[in-house]
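Notes for the structure review
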Amino acid sequence: MPPGKLCFEITETAAVRNLLDVTSFMEKLSKRGCTFALDDFGAGLSSFGYLRCLPVDCLKIDGLFVRDIANDETDLAMVRAINEIGQTLNKTIVAEFVETDEALELLRGMGVHYAQGYGMHRPCRFKALLAEAP
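Conventions and cut-offs
Residues numbered from 1 in each chain as written. Predicted model: local features only at pLDDT ≥ 70, side-chain atom pairs only at ≥ 80, totals over all residues. Heavy atoms only, no water. Buried < 20%, exposed > 50% of the residue type's maximum accessible area, 1.4 Å probe, protein only. Helix = DSSP H or I, 4+ residues; strand = E, 2+ residues; numbered from the N terminus. Arc of directions from axis to C-beta. Contact = heavy atoms within 4.5 Å. Pairing = 2+ DSSP bridges. Expected span 1.5 Å × (residues − 1). Polar contact = N/O pair within 3.5 Å; in protein donor to acceptor, adjacent residues only side chain to side chain.

1. Some thoughts on helix α6 (residues 101-110)
- Where α6 is concerned, the buried positions are Ala103, Leu104, Leu107 and Met110. Viewed along the axis of α6, the buried residues span an arc of 130 degrees, placing them on a single side of the element. Exposed positions of α6 whose direction lies more than 90 degrees from the buried face are Asp101, Arg108 and Gly109.
- Buried residues along α6 sit in contact with α4 (63-66), α5 (73-88), β4 (92-95) and β5 (114-115).
- One or two positions beyond α6, positive phi appears at Gly111, with a value near 90 degrees.

2. Observations concerning the sheet that holds β4
- Judged by pairing direction, the sheet is parallel, and its 5 strands sit side by side in the order β1-β2-β3-β4-β5 without closing on themselves. Unpaired on one side and paired on the other, β1 (7-11) and β5 mark the two borders of the sheet.
- Pairing analysis gives 3 bridges linking strand β2 (residues 35-41) to strand β3 (residues 58-61), with the strands arranged parallel. Considered in β3, the bridge of Phe41 is made with Ile61.

3. Here we look at α5
- In this model α5 runs 22 Å from its N-terminal to its C-terminal C-alpha over 16 residues, within 8% of the 22 Å that 1.5 Å per residue would give.
- Inspection of α5 places Asp75, Leu76, Val79, Ile82, Asn83 and Gly86 among the buried residues, and these make up the whole buried set. Seen from one end, α5 has its buried residues packed into an arc of 130 degrees, which puts them on one side. Facing away from the buried side of α5 by more than 90 degrees, the exposed set consists of Glu73, Thr74, Glu84 and Thr88.
- Two to three positions downstream of the cap, the backbone nitrogen of Thr74 sits 2.9 Å from a side-chain oxygen, assigning the N-cap of α5 to Asp72.
- Just beyond α5, the residue with positive phi is Asn90, at close to 60 degrees.

Read these as layout, nothing more, since geometry by itself doesn't imply function.
So this is what it looks like as structure tokens:
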């Protein structure tokens, strides 16, 4: 498999817990063309501080913030802030736990790149997805 086709996900908690090892690992594989996504971003207490240290390509906003953005002003503000900082740093932004059309529209409106969750599609086998494709 070409390295450019591989994207490794690492949780923010694991990355911060092993910052030096994780950074070294990421830098080595990045040189070979692999990319990295920082999963559950926002769950840690010092998220923005670590974001500059980790050579990630993609931020996956923790579903804890995304799930209720259509009904909770604080969650909406948190997602906006994470998205804006991430985009300023040229990261691809993915919102997790998108479960409603209202949440999806809010995310589209703020320019989040991708959405993930039951509102997009329920989990299924890959063959079932292929059968749905036009």
